[in-house]
Amino acid sequence: MSDDGEFKMDVNEVLLPGVGLRYEFVNHEGDRIGVVAQRSGDFELVVYPGDDPDEARPVLRLTSQEADTLAEILGAPRIAERFADLTREVPGLSAGQVEVRVGSPFADRALGDTRARTRTGASVVAVVRGEDVIASPGPGQTLRAGDILVVIGTREGIAGVQRIVQG
């Protein structure tokens, strides 16, 4: 366990000549979980019941795009958890969500056009668009109606971003 209370997993990297790389770790039940990153760009999730690495049982196969999507899905809750942890650790800092509604003066405009950070001191740290998460959006990121902005700042700053974005 690390100083911040998070359990750190040991991940082993194994070269598979002619195939690619296998990343593996032992889960809480004692099974070895492996992700085979193939030279083709595809991925395979495998489970090794017991200690024999030749006894791998394929669980699912993913294209590189499917693997990216799965990583985003698994990573999105972790991003929210880490922001929540951060706000507990820093007095006066909060995390909030602001929806870009239909008819917002900033729908179909760049995030930088809002001047939200300059005007409120709060930062937009992610844009959630449907099932996609755009982490650390730059000022050129176009906002769309229905986007949810993840905002870090004081409560007043978050409320200010909401007033700006929602008009």
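Residues numbered from 1 in each chain as written. Predicted model: local features only at pLDDT ≥ 70, side-chain atom pairs only at ≥ 80, totals over all residues. Heavy atoms only, no water.

Q: Let's hear about the sheet that holds strand 9 (residues 148-153): which residues, and what values?
A: In space, the four strands of this open sheet follow the order 6-9-7-8, with antiparallel pairing throughout. The open sheet has two edge strands, strand 6 (94-99) and strand 8 (132-135), and neither has a second partner. Pairwise comparison of adjacent strand axes, ignoring direction, gives a mean angle of 25° for this sheet. Where strand 7 (residues 123-129) meets strand 9, five bridges bridge the pair, whose relative direction is antiparallel. Of the residues in strand 9, the one forming a bridge with Val124 is Val151. On the sheet, helix 3 (residues 155-166) packs against strand 6 and strand 9 and is oriented at approximately 10° with respect to strand 6. (Pairing = 2+ DSSP bridges. Helix = DSSP H or I, 4+ residues; strand = E, 2+ residues; numbered from the N terminus. Axes fitted to C-alpha atoms, helices over the stretch in contact; angles between N-to-C directions. Contact = heavy atoms within 4.5 Å.)

Q: Explain the pattern of salt bridges residue by residue, including any values.
A: Counted according to the given criterion, the structure contains six salt bridges. Between Asp113 and Arg109 there is a salt bridge, with its nearest N and O atoms 3.4 Å apart. Residue class for Asp113 comes out partly exposed when judged on its relative accessible area of 38%. We classify Arg109 as partly exposed; its relative accessible area is 35%. One salt bridge in this structure joins Asp147 and Arg129, with 2.8 Å as the shortest N-O distance. Of the two residues, Asp147 sits in the loop between strand 8 and strand 9 while Arg129 sits in strand 7, which places them 18 residues apart along the sequence. Taking relative accessible area as the criterion, Asp147 reaches 1% and is therefore assigned buried. (Salt bridge = Lys/Arg side-chain N within 4 Å of Asp/Glu carboxyl O. Buried < 20%, exposed > 50% of the residue type's maximum accessible area, 1.4 Å probe, protein only.)

Q: Residues and numbers for the confidence of the model for the protein chain, please.
A: Residues with a pLDDT of 70 or more make up 80% of the protein chain, whose mean pLDDT is 80. In the model, residues 1-6 has pLDDT below 50 throughout and makes five contacts with residues more than four positions away in sequence or in other chains. (pLDDT = per-residue confidence, 0-100.)

Q: Describe the sheet that holds strand 5 (residues 57-62), listing the residues and the values that go with them.
A: Two orientations exist for strands paired in a sheet by backbone hydrogen bonds: parallel and antiparallel. With antiparallel pairing, five strands are arranged side by side in an open sheet as 1-2-3-4-5. Bordering the open sheet on either side are strand 1 (12-16) and strand 5, each of which pairs with just one other strand. Adjacent strand axes in the sheet meet at a mean angle of 20°, parallel and antiparallel pairs treated alike. In this structure, strand 1 lies alongside strand 2 (residues 20-26), joined through five bridges in antiparallel fashion. Within strand 2, the residue paired with Leu16 across the bridge is Gly20.

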